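For reference, the chains in residue letters:
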Amino acid sequence: MDIKKAVGLKIKEFRAARGLTQADLADVIGRSVDTVSHLERGVSLPNFRTLELLSVELKVPMRSFFPSSDAELKSAKRASAIAQVEALINELQERDLETAIELLEVLVKSKKRSPRKRSVVKL
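Residues numbered from 1 in each chain as written. Predicted model: local features only at pLDDT ≥ 70, side-chain atom pairs only at ≥ 80, totals over all residues. Heavy atoms only, no water.

Another point: the pattern of salt bridges. With the rule as written, the count across this model stands at four salt bridges. With a shortest N-O distance of 2.4 Å, R15 and E40 are connected by a salt bridge. With R15 in helix 1 (residues 3–17) and E40 in helix 3 (residues 33–40), this residue pair connects regions lying 25 residues apart in the sequence. Neither R15 nor E40 differs from the other in exposure class; each is buried. Of the charged contacts in the structure, one is a salt bridge between E91 and R18, with a shortest N-O distance of 2.6 Å. Placement of the pair is E91 in the loop between helix 6 (76–89) and helix 7 (94–113) and R18 in the loop between helix 1 and helix 2 (22–29), with a sequence separation of 73 residues. (Salt bridge = Lys/Arg side-chain N within 4 Å of Asp/Glu carboxyl O. Helix = DSSP H or I, 4+ residues; strand = E, 2+ residues; numbered from the N terminus. Buried < 20%, exposed > 50% of the residue type's maximum accessible area, 1.4 Å probe, protein only.)

So, in C-alpha cells, the structure goes:
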C-alpha cells in the first residue's frame with residue numbers, strides 16, 4: 001500500500017469514528033465531497049492546510065494521519081485497525097487511557113507467553 005492510500009484510510013477511519021459522512025466532513029473543512037472522496041481513496045494527498053483542517057475537525061493530531069510503521073504500509077487491514085484504535089484512544093479521558101494501556105499490556109504479554117495454536121479440521 002502506498003502512502004496516499006495509507007493516509008486516505010486513516011482519514012476515512014477517523015471520519016467514520018466521529019460519525020461523519022463525507023459530505024459532513026467536506027462541509028466543515030470547506031472542501032468538496034469529491035476532494036474528501038479522493039483523499040480517502042488515496043487518489044491524492046491533502047495539502048498542509050487541508051491536513052490541518054482535518055486534524056482540527058476529526059480531533060486527531062496531524063501525525064496520526066501518517067503510518068507509524070512499515071507494517072501499516074504492508075497491510076491495509078492492520079492500518080485500518082490501528083486507525084480505529086487511534087480514533088477510540090482520542091476519545092478517552094486520561095484515567096481511562098491508563099486502563100486501556102494496562103489492558104493492551106496484558107494482551108501483549110499473554111500472546112508472548114502462549115502463542116495461539118490453530119486447530120486444523122480434517123474432513
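Moving on, we get to helix 6. Working note: α-helix, 3.6 residues per turn, so residues spaced by three or four point in the same direction. Compared with an ideal rise of 1.5 Å per residue, which puts 14 residues at 20 Å, helix 6 spans 20 Å between its outermost C-alpha atoms and is within 8% of the ideal. A79, S80, A83, E86 and A87 are the residues of helix 6 that are buried. All buried residues of helix 6 fall inside an arc of 125° around its axis, so they share one side. Away from its buried face by more than 90 degrees, helix 6 exposes K77 and L88. (Expected span 1.5 Å × (residues − 1). Arc of directions from axis to C-beta.)

Take helix 1 next. The end-to-end C-alpha distance of helix 1 is 21 Å, a good match for the 21 Å that 15 residues give at a rise of 1.5 Å each. Here helix 1 has its buried residues at A6, V7, G8, L9, K10, I11, E13, F14 and R15. A positive phi of about 75° marks G19, the residue just after helix 1.

Time to look at the packing of aromatic side chains. All chains considered together, the criterion is met by one aromatic pair. Ring geometry for F14 and F65: centres 5.6 Å apart, planes at 75°, overall edge-to-face. Of this pair, F14 sits in helix 1 while F65 sits in the loop between helix 4 (48–58) and helix 5 (70–74), placing them 51 residues apart in sequence. For F14, a relative accessible area of 1% gives the class buried. The exposure class assigned to F65 is buried, which follows from its relative accessible area of 0%. (Phe/Tyr/Trp six-rings, centres within 6.5 Å; stacked < 30°, edge-to-face > 60°.)

With that settled, the discussion passes to the side chain of K10. Mapped onto the elements of the fold, K10 is located in helix 1. Owing to a relative accessible area of 1%, K10 belongs among the buried residues under this scheme. Polar contacts involving the side chain of K10 include one to the main-chain carbonyl oxygen of S64, which spans 3.4 Å. (Polar contact = N/O pair within 3.5 Å; in protein donor to acceptor, adjacent residues only side chain to side chain.)

In this section: the nonpolar core. Grouped together as the largest cluster of nonpolar side chains are 16 residues, with contacts concentrated most on I11, F14, L25, I29, L54, L58 and F65. Where this core is concerned, the elements lending two or more residues are helix 1, helix 2, helix 3, helix 4 and helix 6. Among the elements that line this core, the one with the most residues is helix 4, at four residues. Sequence-distant contacts of I29, that is, excluding residues within four places in its chain, are made with V36, T50, L53, L54 and E57. (Core = buried A, V, L, I, M, F, W, Y, C linked by side-chain atoms within 4.5 Å. Contact = heavy atoms within 4.5 Å.)

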